[in-house]
Amino acid sequence: MIDLRSDTVTLPSAAMRAAMHDAPLGDDVYGEDPTVNRLQQVVAERCGFEAALFVPTGTQSNLIALMTHCQRGDEYIAGQDAHTYRYEGGGAAVLGSIQPQPLSNQPDGSIALADIEAAIKPDDIHFARTRLIALENTIGGKVLPPGYVTEVARLVTKYGLALHLDGARVFNAAVKLGLTPQQVCAEFDSVSVCLSKGLGTPAGSVLCGDQSFIERAKRWRKMLGGGMRQAGVLAAAGLYALEHNVERLADDHQHAAQLAAGLGAIEQLQVEPVQTNIVYVHVPQAHTAALEAHLTAHGVVAQIRPRTRLVTHLDVSAAQIGDALAAFQEFFARA
Ligand SMILES: *Cc1c(COP(=O)(O)O)cnc(C)c1O
């Protein structure tokens, strides 16, 4: 099967499983799991922060960050298309009493600086207290321009706010830009990194921040479900991924470009420009159901919609991209 639905579908390799099997373990709620401690230290260092906290998911990591930055009655500014606003069940509002202030994302994934500045509310009892700006990088597979982040950071300083990065795919951004993760994360107060997307682990995210932020975050983690005890079995997968699966993200980007070029050559399809590992292709509505069935019959798993998202990852090879393209081509030759 060639599964192009998401980069979350990867299975741990034999070598990653061996690393998990052999990991030294302890009770992480006592702070005694050496593998979790090492993972937290390594991710903090790689992203340029004092401290980090291992959590089960990116959703929990972002929620902990929002609740650590914001109090009840505060608000955070985020893009309409941001995971922290659109795809996390409204958790910040439901569990944190934090008001989201969503703003339109521009075609490049950014939020216009003027829109941000206009949405920052003055100190007035009528308004929620604007406390935080949350960005996402990559967003929809697009890399935020580094200069843009600097401009947002300037607003953050000017208005005394904080800046959070949903860096679920921040390693994709760093590889694409030819920068270190530390450089990409430099202007943020906190960053959430997913290990279970392109890095290919079965589970886990890491929230980075300064020491006091992470201490406060740990209390929210407890309230949101708690720590995971001998979580070193999962943290070991993260350490393995950081060593072996970062540079190879360039392969995923190459495969996405290969996929986009092949799909773009099909007359009935329109492909959006591709930067990293996510391809968006526009499929005529009349063909969506039949195309999905055709692909399934040819071992290609994808959810075909008028705007279809296809994602490359470490379990899809260049040859398999070729096979997937052949299935698309065969369908549209007869369509
Ligand atoms: C996947 C994802 C998350 C959430 O991660 P989960 O581990 O699935 O909860 C957050 N932000 C972005 C941008 C993501 O792609």
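The coordinates are above.
Worth saying up front: this structure is predicted, and the values here are computed from it rather than measured.

Novice: I would appreciate a short explanation of the pairing of strand 10 (residues 278-282) in the present structure.
Specialist: Both faces of the sheet carry side chains from a regular strand, because those side chains alternate between them. With respect to burial, strand 10 is a largely interior element, four of its five residues being buried. As judged from the two bridges shared by strand 9 (residues 270-271) and strand 10, these two strands associate in the antiparallel manner. Bridge pairing in strand 10 links glutamine 270 to histidine 282. The pairing of strand 10 with strand 12 (residues 307-311) spans five bridges and is antiparallel. Looking at the pairing, valine 279 lines up with leucine 310 of strand 12.

Novice: Help me understand the site of the ligand, please; the structure alone is not making it clear to me.
Specialist: Near the ligand the following residues occur: Thr57, Gly58, Thr59, Asn62, His83, Glu88, Glu136, Asp166, Ala168, Arg169, Cys194 and Lys197. For the ligand, an oxygen atom lies 2.6 Å from a polar atom in the side chain of threonine 59. Between the ligand and arginine 169, the relevant distance is 3.0 Å, taken from an oxygen atom to a side-chain nitrogen or oxygen of the residue. When the ligand is considered free in solution it has 380 Å² of accessible area, and contact with the protein chains removes 83% of it.

Novice: Could you clarify how one ought to interpret empty space enclosed by the protein in this entry?
Specialist: A water-sized probe, rolled over the atoms, reveals where empty space remains. The tally for this structure, following the rule as stated, stands at two cavities of 30 Å³ or more. When its volume is computed, the largest cavity comes out at roughly 50 Å³. The wall of the largest cavity is formed by Gly79, Ala82, Asn105, Gly109, Ser110, Ile111, Ala134, Leu135, Glu136, Ile139, Leu144 and Tyr148. Per-element accounting of the lining of the largest cavity gives the leading share, three residues, to strand 5 (residues 129-136). Among the residues forming the lining of the largest cavity, the class breakdown is seven nonpolar, four polar and one charged. The volume enclosed by the second largest cavity comes to roughly 40 Å³. Lining the second largest cavity are Gly140, Gly141, Lys142, Pro273, Val274, Gln275, Ile278, Val279 and Tyr280. Grouping the amino acids of the lining of the second largest cavity by side-chain chemistry returns five nonpolar, three polar and one charged.

Novice: Help me understand the environment of leucine 39, please; the structure alone is not making it clear to me.
Specialist: As for its position among the elements, leucine 39 is in helix 2 (residues 34-47). Distance in space between the C-alpha atoms of leucine 39 and glycine 238 is 6.9 Å, their sequence separation being 199 residues. In contact with leucine 39, not counting residues within four places along its chain, are Phe54, Leu195, Val206, Ala235, Gly238, Leu239 and Leu242.

Novice: Got a minute to help me understand the sheet that holds strand 9 in this structure?
Specialist: Consider a sheet: its strands pair through backbone hydrogen bonds, and that pairing is either parallel or antiparallel. Spatially, the three strands line up as an open sheet ordered 9-10-12, and their pairing is antiparallel. Only two strands of the sheet have a single neighbouring strand rather than two, namely strand 9 and strand 12.

Novice: Just to check I follow, could you spell out the pairing of strand 8 (residues 205-209) for this structure?
Specialist: Across the five residues of strand 8, five count as buried, placing the element largely inside the fold. With burial as the criterion, each face of strand 8 is covered, one bearing Ser205, Leu207 and Gly209 and the other bearing Val206 and Cys208. Of the pairings in the sheet, the one linking strand 2 (residues 51-55) to strand 8 comprises five bridges and is antiparallel in character. Within strand 8, the residue paired with leucine 53 across the bridge is leucine 207. Alignment of strand 7 (residues 190-194) against strand 8, held across four bridges, turns out to be antiparallel. From the neighbouring strand, cysteine 194 faces strand 8, where its bridge partner is serine 205.

Conventions adopted
- Each chain carries its own residue numbering, running from 1 in the written order of its sequence.
- Local features in this predicted model are restricted to residues of pLDDT 70 or higher, and side-chain atom pairs are both shown and tallied only at a pLDDT of 80 or more, whereas totals for entire chains, interfaces and linings draw on every residue.
- Side-chain numbers come from the whole structure's heavy atoms, not from hydrogens or water.
- The rule is simple: take the accessible area with a 1.4 Å probe, protein chains only, and divide by the maximum for that residue type; under 20% is buried, over 50% is exposed, in between is partly exposed.
- Each helix is a run of H or I in the DSSP string that is no shorter than four residues. Each strand is a run of E no shorter than two, and both are numbered from the N terminus.
- Paired strands, as defined in this entry, are two strands with at least two bridges between them according to DSSP.
- The near set for a molecule or strand comprises every residue that places at least one heavy atom within 4 Å of it.
- For the purposes of these results, a polar contact is taken to be a pair of N or O atoms within 3.5 Å, where, inside protein, one atom must be able to donate a hydrogen and its partner to accept one; residues adjacent in sequence count only when each atom of the pair is a side-chain atom.
- Note that accessible areas follow from Shrake-Rupley with a 1.4 Å probe, and for residues the cover is restricted to the protein chains shown.
- Cavities and pockets were defined on a 1 Å grid built from protein atoms only: a cavity is a group of points that admits a 1.4 Å probe but offers it no way out, a pocket is an open group of points flanked by protein on both sides within 12 Å along at least five of seven lines, and a lining residue is one with an atom within 4 Å of any such point.
- Grid points are joined across faces, edges and corners, and a volume is the space filled by probe spheres set on the points.
- Following the grouping adopted for this structure description, the nonpolar residues are Ala, Val, Leu, Ile, Met, Phe, Trp, Tyr, Cys and Pro, the charged ones are Asp, Glu, Lys and Arg, and the polar ones are all others, Gly among them.
- Contacts: residue pairs with any heavy atoms within 4.5 Å of one another.

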